[in-house]
Amino acid sequence: YVVYTGSGTSVTVTALSAGTTYHVEIYNFNGGPGFETYLTSSTLTGSQLTLAAGIWVGGGADADWGTTANWSDGSVPAAASLVTFYDAIGSGTNINLETGRTNAGLRFSADADTALNFTNNSLTLNGGGIAIDSDAAGDHVMAATLVLGANQSWTNDSTATFTVAGLVSGSG
């Protein structure tokens, strides 16, 4: 597939699947539409693995992070996962980190309208940071220890608040 034609130095590709390796090849060409002549002897190539997704669906009997029924694919997100809250909150709004957890980053979707409170133990976030969608209306609280596992960016595009009430540590 051709995803970009032009003279720019970067392109943003959206609607990619989580946990998928995408391969890229860049070609130089001359000619207009339908008359392209591609230089195929010296292309630039690369590949990138998109982060695996973990989406909270709140289907468990409790709001424990480790309850597999609370997650979209029926398993607790792996450390490389970008975790998204939420699709539903039937299991409750006090998210219990019953043990220390590590994930790539934390997202609050447009559906995150009810306040969530993250409690107990710790959550280590790596380079994915924290992002809150502009349509999320919940005032979320991180009362658990937040460990910065890497440099990261936090963005809150919502008018709601995100409060860090617990200890923050790490070198990120």
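Heads up: the structure comes first, above all this text.
None of the values given here were measured: they were computed from a predicted structure.

Asks: Would you explain the pairing of strand β10 (residues 145-148) in this entry?
Replies: Sheet faces and side chains relate simply in a regular strand, where the side chains alternate between the two faces. Along β10, the buried face is formed by Leu146 and Leu148; none of Thr145 and Val147, which line the opposite face, is buried. Across 4 bridges, strand β8 (residues 122-132) lies against β10 in parallel orientation. Its bridge partner lying in β10, Leu125 is registered against Leu148. With 3 bridges joining them, β10 and strand β13 (residues 168-170) adopt parallel strand pairing. Paired with Leu148 across the two strands is Gly170, which belongs to β13.

Asks: Whenever I open this one, a nonpolar patch on the surface confuses me. Can you help?
Replies: A contiguous nonpolar surface patch, about 690 Å² in accessible area, is contributed by Tyr1, Val3, Tyr4, Val11, Val13 and Leu16. Relative to the elements of secondary structure, Val3 occurs in the segment before β1 (21-30). With a relative accessible area of 59%, Val3 lands in the exposed category.

Asks: I keep staring at the packing of aromatic side chains and nothing clicks. Help me out?
Replies: Pairs of aromatic rings are described using the distance from one ring centre to the other and the angle between the two planes. All told, the structure shown has 12 aromatic pairs when counted by the stated rule. Between Tyr27 and Tyr38, the ring centres sit 6.2 Å apart and the planes meet at 80°, which makes this aromatic pair edge-to-face. Note that Tyr27 is positioned in strand β1 and Tyr38 in strand β2 (residues 37-49), a separation of 11 residues in sequence. The exposure class of Tyr27 is partly exposed, given its relative accessible area of 37%. The exposure class of Tyr38 is partly exposed, given its relative accessible area of 41%.

How each quantity is defined
- Residues numbered from 1 in each chain as written.
- Predicted model: local features only at pLDDT ≥ 70, side-chain atom pairs only at ≥ 80, totals over all residues.
- Heavy atoms only, no water.
- Buried < 20%, exposed > 50% of the residue type's maximum accessible area, 1.4 Å probe, protein only.
- Helix = DSSP H or I, 4+ residues; strand = E, 2+ residues; numbered from the N terminus.
- Pairing = 2+ DSSP bridges.
- Patch = residues over 30% accessible without salt bridge, like charges linked within 9 Å, V, L, I, M, F, W, Y side chains within 5 Å.
- Areas by Shrake-Rupley, 256 points an atom, 1.4 Å probe, with all protein chains shown as cover.
- Salt bridge = Lys/Arg side-chain N within 4 Å of Asp/Glu carboxyl O.
- Phe/Tyr/Trp six-rings, centres within 6.5 Å; stacked < 30°, edge-to-face > 60°.

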